[in-house]
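Inside the fold
Residues per chain are reported as follows:
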Amino acid sequence: MGNVYVLDHPLIQHKISLLRDKNTDTKEFRELVCEVSMLMGYEVTRNMPLEEIEVETPVGIARTKVISGKKLGFVPILRAGLGMVDGMLRLLPMAKVGHIGLYRDPETHEPVEYYCKLPVDASEREMVVLDPMLATGGSASAAIGFLKDRGVSSIKLMCLVAATEGINRIQTDHPDVDIYCAAVDPVLNEHKYIVPGLGDAGDRLFGTK
Ligand code: PRP
Ligand code: URA
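The structure contained in this document is the topic of the report that follows. (Residues numbered from 1 in each chain as written. Chains lettered and ligands numbered in written order. Predicted model: local features only at pLDDT ≥ 70, side-chain atom pairs only at ≥ 80, totals over all residues. Heavy atoms only, no water.)

1. Brief notes about the side chain of Arg204
Checked against the element boundaries, Arg204 lands in helix α6 (residues 201–206). Within the structure, Arg204 has its side chain in polar contact with the backbone oxygen of Leu19 (distance 2.9 Å). Of the polar contacts made by the side chain of Arg204, one reaches the backbone oxygen of Thr24; its length is 3.1 Å. In this view, Arg204 contacts Leu19, Arg20, Asp21, Lys22, Thr24, Thr26, Phe29 and Leu198; residues no more than four positions away in its chain are not counted. (Helix = DSSP H or I, 4+ residues; strand = E, 2+ residues; numbered from the N terminus. Polar contact = N/O pair within 3.5 Å; in protein donor to acceptor, adjacent residues only side chain to side chain. Contact = heavy atoms within 4.5 Å.)

2. Looking at the site of ligand 1
Taken together, 15 residues sit near ligand 1, with Arg104, Asp131, Thr136, Gly137 and Ser139 positioned nearest. Contact distances for ligand 1 include 2.9 Å between an oxygen atom and a side-chain N or O atom of Arg79. In this structure, Ala135 approaches ligand 1 through a main-chain N or O atom, which is 2.9 Å from an oxygen atom. When isolated, ligand 1 has an accessible area of 500 Å², and the protein chains bury 90% of it. Taken together, the elements giving at least two residues each to the shell around ligand 1 come down to β6 (99–104), β9 (133–134) and α4 (138–149). For the shell around ligand 1, the class distribution of residues is six nonpolar, five polar and four charged. (Near = heavy atom within 4 Å. Areas by Shrake-Rupley, 256 points an atom, 1.4 Å probe, with all protein chains shown as cover. Nonpolar A, V, L, I, M, F, W, Y, C, P; charged D, E, K, R; others polar.)

3. A look at the packing of α4 against helix α5 (residues 164–173)
Following both chains from N to C, one finds α4 and α5 inclined at 25°, their axes separated by 9 Å at the closest point. In terms of orientation, α4 and α5 fall into the roughly parallel class. Considering how the two elements wind past one another, α4 and α5 form a crossing that is right-handed. Contact residues: Gly138, Ala140, Ser141 and Ile144 in α4; Arg169, Ile170 and Asp173 in α5. In terms of residue class, the contact of α4 with α5 is built from three nonpolar, two polar and two charged. (Axes fitted to C-alpha atoms, helices over the stretch in contact; angles between N-to-C directions. Parallel < 35°, antiparallel > 145°, perpendicular 65-115°, else oblique. Left-handed = near helix turned anticlockwise from the far one by under 90°.)

4. Concerning the packing of aromatic side chains
As enumerated under the stated definition, the model contains two aromatic pairs in all. Ring centres 4.7 Å apart and planes at 20° place the aromatic pair Tyr5 and Tyr180 in the stacked group. You can see Tyr5 sitting in strand β1 (residues 4–6) and its partner Tyr180 sitting in strand β12 (residues 178–181), a full 175 residues away along the chain. A relative accessible area of 31% means that Tyr5 is categorised as partly exposed. Note on Tyr180: relative accessible area 5%, which makes it buried. Residues Tyr103 and Tyr114 carry aromatic rings whose centres are separated by 6.1 Å and whose planes lie at 35° to one another, so their mutual orientation is tilted. With Tyr103 in strand β6 and Tyr114 in strand β7 (residues 111–117), this pair connects stretches of sequence that are eleven residues apart. Overall, Tyr114 belongs to the partly exposed group, its relative accessible area being 44%. In this arrangement the basic side chain of Arg104 is found over the ring face of Tyr193, its NZ or CZ atom lying 5.5 Å from the centre. (Phe/Tyr/Trp six-rings, centres within 6.5 Å; stacked < 30°, edge-to-face > 60°. Buried < 20%, exposed > 50% of the residue type's maximum accessible area, 1.4 Å probe, protein only. Lys NZ or Arg CZ within 6 Å of the ring centre and 35° of its normal.)

5. Here we look at the sheet that holds strand β11 (residues 161–163)
Spatial strand order, β9-β11-β13: three strands in an open sheet with parallel pairing. Among the strands making up the open sheet, the edge pair consists of β9 and β13 (183–185). Here β11 pairs with β13 via three bridges, running parallel. Bridge assignment links Val161 to a residue of β13, and that residue is Ala183. Sheet contacts for α5: β9, β11 and β13; angle to β11, the most-contacted strand, approximately 75°. (Pairing = 2+ DSSP bridges.)

Read these as spatial facts, not as claims about activity.
And the structure:
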């Protein structure tokens, strides 16, 4: 069973509270999503393997460490996942970015795929799927399934607010995937929105409502 990490760093929690506030406008919302993603990225990458190297400093030789192991890739689920990419790239600018386009059918709430473009060497990378909201878990589960179909074996899921239902879905469908989130909310409403959540993340990021 994958682990669920709820990142409780005070800076993350403070910014999540601002994101939840319905009075936070689009500009501030976008900036906050970027900032929270960067702070969360710090934790998501905590267990990256290191190797020792020698570096010549101005006064001697230092035995020091650099990141080794699998290269990273980020996979935002369109559209709202796009808001998390810049924060992650600030930490790891060499990572490649794939995109998976999914929207939830308003009637069935099932994810519908409309786009998928991954790095050519995706199967050799450790992929972090990015989406602010994990509600029913259908979108994230489908995105992870697409990655596995294309040979990706090392996958993490990073979201901002996760509903218990979504967490259960991922743990059932993809027990090998660790989930990183900043908050866990208890319920979904009749439209499958997370309550209290933060509303429609895509609309709030891009000002479309
Ligand atoms: C939202 C969100 C997730 C999905 C979560 O996207 O960004 O992708 O819903 O819901 P689920 O866990 O029940 O699948 P949405 O379908 O609203 O599309 P958008 O990002 O284009 O607004
Ligand atoms: N998608 C969102 O943007 N918000 C929710 O609460 C659920 C799905």
